[in-house]
There are 2 protein chains.
Amino acid sequence: MDEHESGYFTEETSVDVVTNRNKNAENQRLRAVMEVITRKLHEAVKEIEPTDREWMEAILFLTKTGQICDDYRQEFILLSDVLGVSMLVDAIQSRRPSGATENTVLGPFHVGGAPDMAMGSNICLDQKGEPMFVHGCIRDLDGKPLEGVRIDVWQANDEGFYDVQQRGVQPEFNLRGVFKTQSDGRYWFKAIKPRYYPIPDDGPVGQLLGHLGRHPYRPAHFHYLITLDGYDKLTTHIFDPDDRYIHSDAVFGVKQSLMAEFKRKEDAEQAAAHGFDGSVFYDVEYDFVLVKSKTTALTRPAQK
Amino acid sequence: MDEHESGYFTEETSVDVVTNRNKNAENQRLRAVMEVITRKLHEAVKEIEPTDREWMEAILFLTKTGQICDDYRQEFILLSDVLGVSMLVDAIQSRRPSGATENTVLGPFHVGGAPDMAMGSNICLDQKGEPMFVHGCIRDLDGKPLEGVRIDVWQANDEGFYDVQQRGVQPEFNLRGVFKTQSDGRYWFKAIKPRYYPIPDDGPVGQLLGHLGRHPYRPAHFHYLITLDGYDKLTTHIFDPDDRYIHSDAVFGVKQSLMAEFKRKEDAEQAAAHGFDGSVFYDVEYDFVLVKSKTTALTRPAQK
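Since this is a predicted model, take the numbers as computed values, not measurements.

## Regarding the overall build of chain A
Item 1. Across its full length, chain A carries 8 helices and 11 strands.
Item 2. Each principal axis of the C-alpha distribution contributes one length, and for chain A these read about 80 × 45 × 30 Å.
Item 3. Relative to its full complement of 304 residues, chain A shows a buried share of 40%.
Item 4. When contacts within chain A are restricted to residue pairs at least 6 apart in sequence, those whose partners lie at least 24 apart make up 69%.

## Examining the interface of chain B and chain A
When the parts of a complex come together, some accessible area is lost, and that lost area is often used as the size of the interface.
Item 1. Chain B puts 65 residues into the contact, and the matching count from chain A is 65 residues.
Item 2. Elements represented by at least two residues in the side of chain B that touches chain A include exactly helix H1 (2-6), helix H2 (14-21), helix H3 (28-48), helix H4 (52-67), helix H5 (75-82) and helix H6 (85-93) of chain B.
Item 3. Ranked by residues supplied to the side of chain B that touches chain A, first place goes to H3(B) with 14 residues.
Item 4. Its residues assigned to classes, the side of chain B that touches chain A comprises 32 nonpolar, 21 polar and 12 charged.

## Overview of the confidence of the model for chain A
Item 1. Put simply, chain A has an average pLDDT of 94, and 95% of its residues get 70 or more.
Item 2. Ignoring residues within four places in sequence, the model shows residues 296-304 of chain A, a span with pLDDT below 50, making 12 contacts including any to other chains.

## Overview of the relation of the copies chain B and chain A
Item 1. When chain B is fitted to chain A, the best match, at an RMSD of 0.0 Å, comes from turning it 180° and sliding it 0.0 Å along the axis. Each copy turns onto its partner about a two-fold axis. Rotation axis and chain B: the residue whose C-alpha lies nearest the axis is Gly66(B), separated from it by 2.1 Å.
Item 2. Most of the interface of chain B is mirrored in chain A: 100% of its interface residues are interface residues there too.

## Notes on the domain arrangement of chain A
Item 1. Domains assigned within chain A are domain 1 (2-49) and domain 2 (76-298).
Item 2. Look at where the C-alpha atoms of domain 1 of chain A and domain 2 of chain A centre, and you get two points 42 Å apart.

## Overview of the sheet that holds strand E8 (residues 234-239) of chain A
Residue and element names in this part refer to chain A.
Item 1. One open sheet holds the 4 strands; their spatial order is E3-E2-E7-E8, and the pairing between them is antiparallel. A single partner strand is all that each edge strand has here, and the edge strands are strand E3 (176-180) and E8. Strand-to-strand twist of the sheet, defined as the mean angle between neighbouring strand axes without regard to direction, takes the value 20°.
Item 2. Pairing analysis gives 5 bridges linking strand E2 (residues 150-154) to strand E7 (residues 221-227), with the strands arranged antiparallel. Counted as the bridge partner of Arg150 is Thr227 from E7.

## Description of the nonpolar core
Item 1. Ranked by internal contacts, the top residues of the largest apolar core, which has 74 residues, are Val82(A) and Val82(B).
Item 2. Leaving out residues up to four positions away in the same chain, Val82(A) has contacts with Val205(A), Leu209(A), Ala250(A) and Val251(A).

## Quick word on H5(B)
Item 1. Among the 8 residues that make up H5(B), 8 are buried, leaving the element largely enclosed by the rest of the structure.
Item 2. For H5(B), the full list of buried residues reads Glu75(B), Phe76(B), Ile77(B), Leu78(B), Leu79(B), Ser80(B), Asp81(B) and Val82(B).

## Let's talk about the sheet that holds strand E2 (residues 150-154) of chain B
Residue and element names in this part refer to chain B.
Item 1. Read across the sheet, 4 strands follow the order E3-E2-E7-E8 without closing on themselves; strand pairing throughout is antiparallel. Edge positions in the sheet fall to strand E3 (176-180) and strand E8 (234-239), since each has one partner strand and no second. Averaged over all pairs of adjacent strands, the angle between strand axes in this sheet comes to 20°, irrespective of strand direction.
Item 2. One ladder, built from 6 bridges, connects strand E7 (residues 221-227) with E8; its direction is antiparallel. Of the residues in E8, the one forming a bridge with His223 is His237.

## Some thoughts on the packing of helix H3 (residues 28-48) of chain A against H6(B)
Item 1. Their axes nearest at 10 Å, the elements H3(A) and H6(B) cross at an angle of 25°. Looking at the two axes, H3(A) sits roughly parallel to H6(B). Crossing angle aside, the handedness with which H3(A) passes H6(B) is right-handed. Seen from H3(A), the contacting residues are Leu41(A), His42(A) and Val45(A); seen from H6(B), they are Val85(B), Leu88(B) and Val89(B).
Item 2. Residues belonging to the contact of H3(A) with H6(B) are distributed by class as follows: 5 nonpolar, 1 polar and no charged.

## Quick look at helix H6 (residues 85-93) of chain A
Item 1. Within H6(A), 7 of the 9 residues are buried, which leaves the element mostly enclosed by the surrounding structure.
Item 2. Looking at H6(A), one finds that the buried residues are Val85(A), Ser86(A), Met87(A), Leu88(A), Val89(A), Asp90(A) and Ala91(A).
Item 3. Buried residues along H6(A) sit against helix H5 (75-82) of chain A together with H2, H3 and H4 of chain B.

## Looking at the environment of Ala268(A)
Item 1. Here Ala268(A) is to be found in helix H8 (residues 268-274).
Item 2. As a C-alpha pair, Ala268(A) and Trp154(A) span 114 residues in sequence and 27 Å in three-dimensional space.

## Re the packing of helix H4 (residues 52-67) of chain A against H5(B)
Item 1. Orientation of H4(A) relative to H5(B), taken along the N-to-C sense of each, is 125°, at an axis distance of 9 Å. Classed by the angle they form, the pair H4(A) and H5(B) counts as oblique. Seen along the crossing, H4(A) lies across H5(B) with a hand that is right-handed. Within the contact between the two elements, H4(A) uses Ile59(A), Leu62(A) and Thr63(A) and H5(B) uses Phe76(B), Ile77(B) and Ser80(B).
Item 2. Its residues placed into classes, the contact of H4(A) with H5(B) shows 4 nonpolar, 2 polar and no charged.

## Considerations on the environment of Thr19(A)
All names here are of chain A.
Item 1. Inspection of the secondary structure puts Thr19 in helix H2 (residues 14-21).
Item 2. Accessibility expressed as a C-beta count within 10 Å gives 20 for Thr19, which makes it buried.
Item 3. Aside from chain neighbours lying at most four places away, what touches Thr19 is Glu35 and Thr38.

## A look at unusual backbone geometry
Residues and elements named next belong to chain A.
Item 1. The backbone of Phe252 sits at a positive phi, close to 65°, despite the residue not being glycine.
Item 2. Its location among the elements puts Phe252 in the loop between E8 and strand E9 (263-266).
Item 3. Classification of Phe252 by C-beta neighbours within 10 Å gives buried; the count is 29.

Thresholds applied
Residues numbered from 1 in each chain as written. Chains lettered and ligands numbered in written order. Predicted model: local features only at pLDDT ≥ 70, side-chain atom pairs only at ≥ 80, totals over all residues. Helix = DSSP H or I, 4+ residues; strand = E, 2+ residues; numbered from the N terminus. Buried ≥ 20, exposed ≤ 12 C-beta atoms within 10 Å, placed from the backbone. Contact = placed C-beta atoms within 7 Å. Nonpolar A, V, L, I, M, F, W, Y, C, P; charged D, E, K, R; others polar. pLDDT = per-residue confidence, 0-100. Least-squares fit on C-alpha atoms with pLDDT ≥ 70 in both. Domains from an automatic or database assignment. Pairing = 2+ DSSP bridges. Axes fitted to C-alpha atoms, helices over the stretch in contact; angles between N-to-C directions. Core = buried A, V, L, I, M, F, W, Y, C linked by C-beta atoms within 7 Å. Parallel < 35°, antiparallel > 145°, perpendicular 65-115°, else oblique. Left-handed = near helix turned anticlockwise from the far one by under 90°.

And the structure:
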């Protein structure tokens, strides 16, 4: 007799009455999570004091957000992204000692099965875009170069689309590749200078951004998923600090430490040495620092 | 340059960074609402510290909740109901002086266009269920009987289904009717004793209730929507205090003041006077007290 214990539902008792009803939850974690959700939701309602119409608008917004989802589109992840929730979950799950490379969101465009490539390969398969040479070193917190690190990289093309968004237009696995470090910890590969692009903005989340006076763009970046047995998985981006949207990423993914200079070089000899046509290319250097896993015995790399 | 002002997104700055991004919202109310939603959502995430998997479970739960909605089913309202949000919004919107009849949720089964009926009519059109005589008086806070009050009543049948849930099985507008008071403020009509029934529990919300160890039942009740020009609209239920679920309404709609005794009477003469077959019927007496609208000039009854 739940309400008997805590009284009937009123503005004052609302959290206790609902939480008390969930006391027989099948596990303690669910019970604890629901207690927080109930409390914060009721706090929000009490502070907002929504009208019936506003409450119904919220119901219909959530409904539309669910209904536009399909196998290729996840509008609730987008909503989580633009409210900063995805980044916050990532930040909480990726607390690292200073000196370690910071995480950022995975994003929806990672694809398993990208080809293993020899160090130095060009991940751009269609020769479109401005050439970019990317290089650096992967070390542990003590500065020791790490061998056998798996570096999974991916990026959008110079029009702002990933291969999976342009099937039939871009070659399969365009701008994707997997590299592995030798004992010097060094990595290098060829790619193209990325550009900003919008998140899908033709649905309820795009409409919300519009009502909030916000644009849907992400600043130019490329992605890394870096794994080594015994070390924490590193999911991150490198950002172009000169991008027009660097201070207003629609999904809040930018961190100060994840910017690298995209140096424009005009040097025929160096360009030729990299195997680029012409004399102009961009040079991006970024070093990564991995952290030993706390539970080494239990850790396996994401993919072999 | 939003992030420049408040720094980049971190666990510490997350609320300010997101809220600052919404500063150009098209209206102040939306901006204020989003500030609260962002703050409470981030507080919840920081307290829960969800794993990636838990976050994805939440995303998929919300997605499924949207996708099961159609013209006849609104699973997000159901979610709002079982989390106590619908009742909380109703409580906030229906604060009344003591002595006034309390509101409760409208529920999804109100239908416009129910027939006007002569006082004393039987709203049960198919003769199923145990007969019930309902009566009382509608007054203002000073005890003055109110004339011309529109009383819109509806209820589920003795199997727990509303007519709109059993089209073709129950007659149209079964167990619905609209009555109007005379100068004595009295009302009386015939109906059937209601019984408890489950909210739709074959979707994501029903699954959640299962995981929370909760049943999906609402205790026996019937509904009133009571309107009079110049007075606050009263949306409420009358509950049977002897119902097995009276202390655990799945949607938290029960209030102490909304219970009425369902008196079982075995009296052939009285039953005959009411026009009931047999000698057994239930007698329910409940008086309502309406409150003058604060903004009388702007108030119109919901329906004429």
